[in-house]
Structure formats: C-alpha cells, structure tokens
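Residues per chain, in single letters:
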Amino acid sequence: MSPCTYLGYPAEAMAGGGDELKLLGMWASPYVLRVKLALSLKGLDYEYVEVDLKNKSELLLSSNPVHKKVPVLIHNGKPVCESQVILQYLDEAFPGAGATLLPADPHERAVARFWAAFNDDTLLEASQAASWGKTEEERAEGEKKVVEALEKMEVGLRECSKGKPFFGGDTVGYLDVVLGGFLAWVRATDVMRGVKRFDPATTPLLAAWAERFVELDAAKAVMPDIDKMIEFANVLQARAATAAATN
Amino acid sequence: MAAAAEEKELVLLDFWVSPFGQRCRIAMAEKGLEFEYREEDLGNKSDLLLRSNPVHKKIPVLLHAGRPVCESLIILQYLDDAFPDTPHLLPPANSSSDAAYARARARFWADYVDKKLYDCGSRLWRLKGEPQAAARREMVEILRTLEAELGDGEFFGGGEGGRLGFVDVALVPFTAWFYSYERCGGFSVEEVAPKLAAWARRCGQIDSVAKHLPSPEKVYDFIAVLKKKYGVE
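Definitions and limits used
Residues numbered from 1 in each chain as written. Chains lettered and ligands numbered in written order. Predicted model: local features only at pLDDT ≥ 70, side-chain atom pairs only at ≥ 80, totals over all residues. Heavy atoms only, no water. Helix = DSSP H or I, 4+ residues; strand = E, 2+ residues; numbered from the N terminus. Contact = heavy atoms within 4.5 Å. Domains from an automatic or database assignment. Buried area = accessible area lost by both parts, 1.4 Å probe. Salt bridge = Lys/Arg side-chain N within 4 Å of Asp/Glu carboxyl O. Expected span 1.5 Å × (residues − 1). Bend = angle between axes of the 7 residues up to and from the residue. Buried < 20%, exposed > 50% of the residue type's maximum accessible area, 1.4 Å probe, protein only. Pairing = 2+ DSSP bridges. UniProt positions renumbered as here; feature names shortened; annotations may be inferred.

Re the environment of C160 of chain A
Residue and element names in this part refer to chain A. Mapped onto the secondary structure, C160 falls in helix α6 (residues 136–161). When the C-alpha positions of C160 and L53 are compared, they lie 36 Å apart, and in sequence the two are 107 residues distant. Dropping the residues within four chain positions of it, C160 is found in contact with V111, W115, F167 and L175.

This is the structure in structure tokens:
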C-alpha cells in the first residue's frame, strides 16, 4: 500500500490508546458533510482541518495520494478515503458509538448500498450535467435525468423506510446520511432557482424527508450556512461562464 | 419459468463476457456456493431481469430465494454477509479498528477499480488518435497504481486463508481484457506492471478463476464485434 505512515504524530498519542480523529475537508463539499453528519450522529470528537483545494496541503496529498480529494478521515494517524468507505469505517471502528448507520440484515444492507450507489453515480451525473453542462441542450437533458432519478429515489425511499420517517426506518441510517450530505446544496439551489428540487407534488416522500432531516439536532450542528453556499455557487457559476466564454 | 427461479436458492442473471458478472461467479465458487447461471440476451432482456433490476435493467443480478441483489461489489459484500460460514472476501468485522481499517482499504481499492478500469479500457478500444493515446497513458498509470498497492504480496489480501480477497475478485476479471488493452493501446502489461502481470498469472491458476474467465482471445473477438457494431475502425 502506498504507505501513509503516522504523519509526524508524537509516539505518546499513539501508545495512549485514545482515539484521535482528524477530518480533512472543504466546508461546501457534500461528501465532507456526510462524514460530519455521521460523526455528529455518533457523538464522536474530531479535529476538523479545512483544506484549500486550490493549494492542496502536504497532509492531504500524503493522506490521499491516489485521488488527492477530500474528505479524508485520519484515525490515529491512518487515513481512510472516499466518503462511503469512511461512513462504513465509522460504523465498524466505533461500534459502541451512537447510531449504527448500516442495518444488520444482509438484504437491507444491500438495498441501502444500492441506493447510495444510485445517488453517487446516476443522480450525481445527471445533476452535474443539469448544473454545469456546457450547452443549453446538455443542461436540459441533465435536468430531465435528474427528475427521472428523483422519481426512482422516491420509490427507493418508500422501499427502505416502509412508512417510517427515514431511509433507515425510525432512526437515521446510512442512506439518510449519504443523501443528507447533499441537502445544503439542494437548499441553496432551491433558493437560487426559486423552485424546490424535491417537488412535493411528484416526490412527496423525499420532500418530507428533506424537511425532517435538516431539523435534526445532529444535522443543525454541522450544516453549512446556506447564504455562504449561495455565494459560493455564484462564484462557481461565474467561473464556469468565464471558462465557457474563453473556450 | 419465474416460479422455478424462486425455488432455487441462488440464481445469477449474467452475460458471459461481463467482468462484473464474473466477479460474482468467482466469489460464489470461492465460497463453495452452488448457483444457477442464467445467460441474458442483452438485446432482449428477460422479464425476470427487468423485474429484478427495474432501476438499471443491468446484469449481474443475484437472486437469493427470489430476492434480487444488484451491483457486483454490493453482491460480493452481500455474499459475505448472508453466508458468514463460507470463506470470506473482506476481512471479517470485529471490534478492532485494525479489521475496520483493512476492510476500508479493500473497499477503497475495489472502488478504484470500478471508477477507473472499465471506463478507461472502453476508451482504449473505442477511440483513435490523441484521445486513444491519452487513454493508454491513463491505463498505464492505473496498472502501475494497482501494482504499487499489490506490492510484493501474493494477492491484494484480506481473503480467507491468504486466498483471493475482495480486491482480487473485483480486479481479476479484467485480466481477461489485458490482452485487448495491450493490442488496442500498443503497450505491454508485463513491461509496465510486471508484478501485476505475475499476479494475473497466479490468479489464472486458481480453479474458480480458470473456470469462470473467458480466454483473452474470446474477449478480443467480442470487442471486434462491438467495434463493428459501433462503427469504430
């Protein structure tokens, strides 16, 4: 393995047996937010380190040499990368702590993983095209695919929740956190577009779930400021427009 | 016909050349699990497939006592979870963070294979000129990165008794495509990643792998058919 050795931590910190958690992140990233949500739900203490993605630190580059991305969770000096891998790691390395995200039943676990993959592959690809597609046509096609994907997600929510408030049932589970990470962006773009991404008419379960999720104490504790998100989105859009104009 | 499928314990809806389907076949063989293999005609998908995977309509789909599990890496983890008394692919979860870390590492690398290999490989045979050259450079980097992770290990690790583990099973089907990547890209896996090439040969000696992977030549012929279909040449 591209060995990531104990990154200059004093030996005493390791030997003590205490758990040292450090999260490398970027405040607006939905993937980082997932991890923060999980840590918050599990009541785990950690040190948060904001990374400047335009000037990546040595710590990030040595912790995630393969992708050079955030989030990276560093537990007692050992890095774990990729948000879904981190979520499952937290469940497994801290079994006593607060909520267990994935259910115990093998088939339910497979279903939760399926919808998480759907979110990260299908829904995300459509969202990227809808927001950042270079042509009007690309964006319209992306938008259509987002709507289709959300309708499928609505079915997924019905299947997983079985009438209960969350994807995880009575309490927040894996898929709630996976999707929950995106709620800051969703709320920001709802304001910017003037229309709700989770349309209560076509996706009533998702719309209700989103309202419910952001009211959770664990979510309120870590959600980024929506006005800041809107400002950031405007910056990104301006940058994309400039890039398009100069191409 | 549908009733018969539900009576069988394990049924795999699959397509012969799919590396994703092969992962599932190899995993079940490693675990000593009997299963019924059903070849799908992807141009004329069965009702069973469409019902079992309505979202993506793709293979592989594993039916366990009639209940569908979709997505190959999810199927692999399901097999570990649902059949805990069979040889494990991921190191078993216990309370130690070492086990959790080993599992995280395996998931990371299987995800890396999923994110990188198939897509880059497709670009290698589908494109020409500079985009193909770019795909070749990327493929070489992917193979070298995987080799670095393998290190001097016999396998990528984590499997029961030092045998094929999660990452090995995730990656091994793509070894049948190495020959095609080499021919389309004009490079040699042996040259750019000799340890990985040796790992591929080592895996090829294992029964479950030998039984369920097509010959590299068959894969190359398949790509030739695809190329014709998509008007690539």
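More follows now that the structure is in view.
Thoughts on the domain arrangement of chain B
Residues and elements named next belong to chain B. Once the domains are mapped, chain B shows domain 1 (10–82) and domain 2 (98–230). A separation of 21 Å is found between the C-alpha centroids of domain 1 and domain 2. Taken residue by residue, the interface counts 16 residues in domain 1 and 24 residues in domain 2. Carbon and sulfur atoms supply 70% of the area that domain 1 and domain 2 bury against each other, a total of about 1,800 Å² over both sides. The largest per-residue losses of area from domain 1 upon contact with domain 2 belong to R23, I26 and E30, which jointly make up 34% of the total buried on that side. Where domain 1 packs against domain 2, one counts 2 salt bridges.

Here we look at helix α5 (residues 106–132) of chain A
For α5 of chain A, with 27 residues, the first-to-last C-alpha span of 37 Å sits near the 39 Å given by 1.5 Å per residue. Within α5 of chain A, the axis deviates most sharply at L124 of chain A, by approximately 35°.

A word on the pairing of strand β1 (residues 21–25) of chain A
Residue and element names in this part refer to chain A. Taken across its 5 residues, β1 has 5 buried, putting it largely inside the fold. Residues of β1 alternate between two faces, with L21, L23 and G25 on one and K22 and L24 on the opposite face, all of them buried. Alignment of β1 against strand β3 (residues 72–75), held across 4 bridges, turns out to be antiparallel. Counterpart to K22 in the pairing with β3 is I74. The pairing of β1 with strand β2 (residues 47–50) spans 4 bridges and is parallel.

Focus: the UniProt feature "domain: GST C-terminal" (unreviewed entry) in chain A
When the UniProt feature table is mapped onto this chain, "domain: GST C-terminal" (unreviewed entry) is found at residues 105–244 of chain A. Secondary structure within residues 105–244 of chain A divides into 75% helix and 0% strand; the distance between the first and last C-alpha atoms comes to 48 Å.

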